Amino acid sequence: MGLGVLFKILGKKVIYDSHENVSSQIESKSWLGNKFIRKIVKGIYRLIEKTAISFFDSVISVTPEIVEFLSSKKGVLIRNYPIISMIEDASTTYKKNHVSTLIYVGGLTKIRGIKEICEAVNLLHFEVELLLVGAWESEEFKNECLAISNKTTYCGVKPLEEVYPLIHQSDIGFVTLYPEKNYLNSLPIKAFEYMACGIPMIMSDFSYWEKTFTGIAEFIDPMDVKQISYSIKKLIGNENLREEMGIKGKQLAKEKFSWEKEAVTLVELYKKLAPN
């Protein structure tokens with residue numbers, strides 16, 4: 001933000017792009033100290049952010065709520081949707097495994113419900129494989145989760161062109177974030193990637209998500225291991241339901257939730273700010 005203000009003073013056009021409501025996020029960062037300290041840090045950050053935004057030409061974010069919070073006057077909604085053409089290209093390379101396959105792609109952290117997913121899979125009395133793709137928050141948490149079940153495979157950190165074939169070969173995708181304040185009105189890109197790959201999801205039961213993803217996901221309490229396990233059994237046991245949800249999700253992703261459509265808005269913003 002400081003560099004942005006400096007560039008603006010030097011006569012440049014500056015766009016502030018924030019995919020998160022960071023000041024709200026600060027409330028859940030326990031490593032900053034107790035709640036009182038976090039409130040102080042949150043207030044300081046928000047003051048700095050508001051001051052910086054007053055200098056900038058435009059503000060971009062990914063949900064209407066964050067755009068409104070950052071700046072109702074300068075805000076532009078450009079959602080963080082996947083590149084559909086890239087996903088479609090990847091779909092021709094995968095080979096379906098005979099084992100029912102579950103997948104989570106993203107940061108492997110406690111508040112994203114990873115441990116609960118591993119525990120839910122461990123309760124299943126049939127053959128299944130859980131694929132985890134991404135970076136662990138710590139070696140200790142990694143060892144704790146992988147020790148729960150031999151049905152879990154850690155695939156490492158992979159580039160997108162290697163991630164999409166893994167999603168394509170899977171039967172269910174997970175988006176099971178804890179109900180942290182900053183997550184309740186978020187739209188995680190992994191959900192749209194699962195949709196574009198044509199697989200149903202098991203998601204946290206946030207009302208914001210239920211409105212967006214109804215008909216293409218099972219909604220659960222992300223801290224309820226038995227409920228997660230039940231939803232897995234329900235979807236794995238009903239191939240027609242999985243196929244129906246997958247087809248609906250894929251169609252919606254192509255028609256409404258693609259980066260190809262969002263890019264048009266971004267280019268128009270650039271043209272408006274720098275017409276020459």
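All figures in this text were calculated on a predicted structure; none of them were measured in a lab. (Residues numbered from 1 in each chain as written. Predicted model: local features only at pLDDT ≥ 70, side-chain atom pairs only at ≥ 80, totals over all residues. Heavy atoms only, no water.)

Focus on the nonpolar core
It is characteristic of soluble globular proteins that their nonpolar side chains tend to be buried jointly. In terms of nonpolar packing, the biggest core is built from 59 residues, with Ile-114, Met-201, Phe-213 and Ile-232 touching the most fellow members. Ranked by size, the runner-up nonpolar core spans 11 residues in total, among them Val-14, Phe-56, Val-59 and Ile-66. (Core = buried A, V, L, I, M, F, W, Y, C linked by side-chain atoms within 4.5 Å. Buried < 20%, exposed > 50% of the residue type's maximum accessible area, 1.4 Å probe, protein only.)

A look at the pairing of strand β4 (residues 100–105)
With 6 of 6 residues buried, β4 lies mostly within the body of the structure. Residues of β4 alternate between two faces, with Ser-100, Leu-102 and Tyr-104 on one and Thr-101, Ile-103 and Val-105 on the opposite face, all of them buried. In this fold, β4 hands off to helix α6 (residues 114–122), which returns the chain to strand β5 (residues 128–133); that crossover is right-handed. (Helix = DSSP H or I, 4+ residues; strand = E, 2+ residues; numbered from the N terminus. Right-handed = clockwise from strand over helix to strand, strands pointing away.)

What about the packing of helix α11 (residues 225–236) against helix α12 (residues 239–255)?
Between α11 and α12, the least distance of the axes is 6 Å, while the angle of their chain directions is 95°. With respect to α12, the axis of α11 lies roughly perpendicular. Here Lys-234, Leu-235 and Ile-236 of α11 lie close against α12, whose contacting residues are Glu-239, Leu-241, Arg-242 and Met-245. (Axes fitted to C-alpha atoms, helices over the stretch in contact; angles between N-to-C directions. Parallel < 35°, antiparallel > 145°, perpendicular 65-115°, else oblique. Contact = heavy atoms within 4.5 Å.)

So, the pairing of strand β2 (residues 58–61)
Regular strands place their side chains on alternate faces of the sheet. Burial along β2 is two-sided: Ser-58 and Ile-60 facing one way and Val-59 and Ser-61 facing the other are all buried. Of the pairings in the sheet, the one linking strand β1 (residues 15–17) to β2 comprises 3 bridges and is parallel in character. Counted as the bridge partner of Asp-17 is Ile-60 from β2. As paired elements, β2 and strand β3 (residues 75–77) share 3 bridges and run parallel to each other. Pairing of Ile-60 across the sheet is with Val-76, part of β3. Handedness of the crossover joining β2 and β3 through helix α4 (residues 64–70) is recorded here as right-handed. (Pairing = 2+ DSSP bridges.)

A closer look at the sheet that holds β3
Spatial strand order, β1-β2-β3: 3 strands in an open sheet with parallel pairing. Each end of this open sheet is capped by a strand with a single partner; those strands are β1 and β3. On average, each strand axis in the sheet is inclined to that of its neighbour by 25°, with strand direction left out of account.

So, the packing of aromatic side chains
Centre distance and the angle of the planes are the two values used to describe a pair of aromatic rings. Counting across every chain of the model gives 8 aromatic pairs. Relative to Trp-209, the ring of Phe-206 has its centre 4.6 Å away and its plane inclined at 50°; by these criteria the two rings are tilted. What makes Trp-209 buried here is its relative accessible area of 0%. Note that Arg-46 overlies the ring of Phe-69, its terminal NZ or CZ placed 4.2 Å from the centroid. (Phe/Tyr/Trp six-rings, centres within 6.5 Å; stacked < 30°, edge-to-face > 60°. Lys NZ or Arg CZ within 6 Å of the ring centre and 35° of its normal.)

What to know about the environment of Phe-126
Considering the arrangement of structural elements, one finds Phe-126 in the loop between α6 and β5. What makes Phe-126 partly exposed here is its relative accessible area of 27%. Residues Phe-126 and Lys-233, 107 residues apart in the sequence, show an inter-C-alpha distance of 9.2 Å. Setting aside anything within four residues of it in sequence, one finds Phe-126 in contact with Lys-151, Lys-233 and Ile-236.

A closer look at the sheet that holds strand β8 (residues 201–204)
Working definition: the strands of a sheet are paired by backbone hydrogen bonds and lie parallel or antiparallel to each other. A sheet is described by the order of its strands in space; here 6 strands give the open sequence β6-β5-β4-β7-β8-β9, paired in parallel fashion. Here the strands that pair on one side only, and so sit at the sheet edges, are β6 (152–156) and β9 (217–220). Strand after strand, the sheet turns through a mean of 25° between neighbouring axes, direction not considered. Relative to β9, β8 runs parallel, the two sharing 4 bridges. Across the sheet, Ser-204 pairs through a bridge with Ile-220, a residue of β9. Most of the contacts of α11 go to β9, to which it runs at about 160°, and overall it touches β4, β7 (172–175), β8 and β9.

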